[in-house]
Amino acid sequence: GKKIGKKKLAKLEAKEERAAQREAMEEERQKRRELQEQREEEGRQRDEERKRQKAEEEEAERKALEEQKKKEEEEFDKWKDLFETADDGAQADDDLQESQGLLQEFIDYLRYKKICALDEVAGEFKLKSQEVVNRVEGLEAMGRISGLLDDRGKFIFISLEEMEAVAKWIKLQG
């Protein structure tokens, strides 16, 4: 080859160096772009995962609500049978509403009176004494009321607070 002068050599080296720098900067830009795209993809995946989880939670909540509603309907159906409905047809819906109110009235009556003779309750609600006993036992089994049925035909209503107080007293007294 031909001999190259110092100036020319310096110029060529500077040119190569600039090309190398340009290439390095381009590679750096490319890496940053790829990294940015990767982060955005991960962000999209996280968003999709969050959306999917939220949808699952909403579905679970909806199912739980349906389950609760179904349970309440089943419980009401159990109680509906305990209350006699006289007529069929158009009055059946009214009776249904009335029997639900009657059930609450029955519970409130026991709660208010505290100690009540079952024949007195039977007279109040126009029922037979045995039906009152069945109803009280059923309500107790379902946890709607708590208390004692004694052998003299009386029901003593005991609230949860009173039961806890008795339990506390027993623990203290030994």
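A few points on the structure. Keep in mind the model is a prediction, meaning the values are calculated, not measured.

Criteria and thresholds
- Residues numbered from 1 in each chain as written.
- Predicted model: local features only at pLDDT ≥ 70, side-chain atom pairs only at ≥ 80, totals over all residues.
- Heavy atoms only, no water.
- Patch = residues over 30% accessible without salt bridge, like charges linked within 9 Å, V, L, I, M, F, W, Y side chains within 5 Å.
- Areas by Shrake-Rupley, 256 points an atom, 1.4 Å probe, with all protein chains shown as cover.
- Salt bridge = Lys/Arg side-chain N within 4 Å of Asp/Glu carboxyl O.
- Helix = DSSP H or I, 4+ residues; strand = E, 2+ residues; numbered from the N terminus.
- Buried < 20%, exposed > 50% of the residue type's maximum accessible area, 1.4 Å probe, protein only.
- Polar contact = N/O pair within 3.5 Å; in protein donor to acceptor, adjacent residues only side chain to side chain.
- Contact = heavy atoms within 4.5 Å.
- Pairing = 2+ DSSP bridges.
- Axes fitted to C-alpha atoms, helices over the stretch in contact; angles between N-to-C directions.

So, on to a nonpolar patch on the surface. A surface patch of nonpolar side chains, amounting to about 250 Å² of accessible area, comprises Ile 4, Leu 9 and Leu 12. Tracing the backbone through its elements, the reader meets Ile 4 in the segment before helix H1 (6-82).

Turning to the pattern of salt bridges, a few remarks are in order. Considering all chains together, one arrives at 13 salt bridges under this definition. Between Asp 47 and Arg 50 there is a salt bridge, with its nearest N and O atoms 2.9 Å apart. Here the residue Asp 47 and the residue Arg 50 both occupy positions in helix H1, the gap between them amounting to three residues, near one helical turn. Judged by its relative accessible area of 39%, Asp 47 is partly exposed. A salt bridge links Arg 152 to Asp 150; its shortest N-O distance comes to 2.9 Å. Residue Arg 152 is classed as exposed on the basis of its relative accessible area, which comes to 65%. Looking at Asp 150, the relative accessible area reads 21%, which means it is partly exposed.

On to the side chain of Ser 159. Assignment of secondary structure puts Ser 159 in the loop between strand S3 (154-157) and helix H5 (160-173). Residue classification places Ser 159 among the buried residues on the basis of a relative accessible area of 15%. In this structure the side chain of Ser 159 is engaged in a polar contact, spanning 3.3 Å, whose partner is the side chain of Glu 161. Sequence-distant contacts of Ser 159, defined by excluding residues within four places in its chain, comprise Lys 114 and Ser 146.

What the three strands build is an open sheet, ordered S1-S3-S2; its pairing is antiparallel. Of all the strands in the sheet, the pair left with one neighbour each is strand S1 (115-117) and strand S2 (147-149). Mean inter-strand twist for the sheet, computed between neighbouring axes without regard to direction, equals 15°. When S2 meets S3, the two strands line up antiparallel, connected through three bridges. Its bridge partner lying in S3, Leu 148 is registered against Ile 156.

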